[in-house]
Amino acid sequence: MSTPFLAGLAIAGAALAGKYGIQAWQSFKARPPKPRLRKFYDGGFQPKMTRREAALILGIRENAGAEKVKEAHRRVMVANHPDAGGSHYLASKINEAKDVMLGKTKDGGSAF
């Protein structure tokens, strides 16, 4: 006698759980998407390199010391050296970034 009652109660519980599950899924799909954080700098090179751009190229802070600049320059240059299959253009930009960070700027900018 109690078996049909328990079976009906289980079916009703499953139906309610399914109903609320479907409602929760629909509200989850309808929520506005969150903006994704961008890890990389969006944009190309400036005509005259700034300290900010130089720091972004070398992967250091704008107020980094000379030793940090030289260490970062070496690390980035090893990865992008033209003799190891890197680009001459990127190598010139890396060298220019080091010069800007160390205060040895030239008026001409990049050779390219």
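Residues numbered from 1 in each chain as written. Predicted model: local features only at pLDDT ≥ 70, side-chain atom pairs only at ≥ 80, totals over all residues. Heavy atoms only, no water.

J.: Go over the environment of methionine 77 with me, naming the residues and quoting the values.
T.: You can see methionine 77 is positioned in helix H3 (residues 66-80). Each C-alpha atom, one on methionine 77 and one on alanine 91, is 6.7 Å from the other, the two residues being 14 residues apart in sequence. (Helix = DSSP H or I, 4+ residues; strand = E, 2+ residues; numbered from the N terminus.)

J.: Outline the nonpolar core, listing residues and values.
T.: Burial of nonpolar side chains together is a common tendency in soluble globular proteins. Formed by 14 residues in total, the largest nonpolar core has its most connected members in Ala54, Leu58, Ile60 and Met101. Residue assignment for this core shows that the elements contributing at least two residues are helix H2 (51-58), H3 and helix H4 (88-102). At 5 residues, the largest contribution of residues to this core is made by H4. (Core = buried A, V, L, I, M, F, W, Y, C linked by side-chain atoms within 4.5 Å. Buried < 20%, exposed > 50% of the residue type's maximum accessible area, 1.4 Å probe, protein only.)

J.: Let's hear about the packing of aromatic side chains: which residues, and what values?
T.: By convention here, two paired aromatic rings are described through the distance between centres and the angle between planes. If you walk through the whole model with that rule in mind, you get 1 aromatic pair. The cationic tip of lysine 19 hangs over the ring face of tyrosine 20; the distance from NZ or CZ to the ring centre is 5.7 Å. (Phe/Tyr/Trp six-rings, centres within 6.5 Å; stacked < 30°, edge-to-face > 60°. Lys NZ or Arg CZ within 6 Å of the ring centre and 35° of its normal.)

J.: Tell me about the pattern of salt bridges, residues and numbers included.
T.: Pairs may arise between side chains of opposite charge once their charged atoms sit close together. Taken as a whole and judged by the stated rule, the model has 1 salt bridge. For glutamate 96, the salt bridge is made with lysine 93, and the minimal N-O distance between the two is 3.6 Å. In this pair, glutamate 96 and lysine 93 both sit in helix H4, 3 residues apart, roughly one turn of the helix. (Salt bridge = Lys/Arg side-chain N within 4 Å of Asp/Glu carboxyl O.)

J.: So what's going on with the environment of methionine 101? Which residues, and what values?
T.: Looking at the secondary structure, you find methionine 101 in helix H4. It is 10.0 Å that separates the C-alpha atoms of methionine 101 and isoleucine 60, two residues lying 41 residues apart in sequence. Look past the residues within four positions of methionine 101 in its chain and what remains in contact with it is Arg51, Ala54, Ala55, Leu58, Ile60, Arg61, Glu62 and Val69. (Contact = heavy atoms within 4.5 Å.)

J.: Kindly report on the packing of H2 against H4, identifying the contributing residues and their values.
T.: Running from N to C, H2 and H4 point in directions that differ by 125 degrees, and their axes come no closer than 9 Å. For the element pair H2 / H4, the angle class is oblique. In the crossing of H2 with H4, the sense of the turn from one axis to the other is left-handed. From H2, Arg51, Ala54, Ala55, Ile57 and Leu58 reach across to H4, where they touch Lys93, Ile94, Ala97, Lys98, Val100 and Met101. Of the residues that constitute the contact of H2 with H4, the class distribution is 8 nonpolar, no polar and 3 charged. (Axes fitted to C-alpha atoms, helices over the stretch in contact; angles between N-to-C directions. Parallel < 35°, antiparallel > 145°, perpendicular 65-115°, else oblique. Left-handed = near helix turned anticlockwise from the far one by under 90°. Nonpolar A, V, L, I, M, F, W, Y, C, P; charged D, E, K, R; others polar.)

Taken by themselves, the reported measurements are silent on function.
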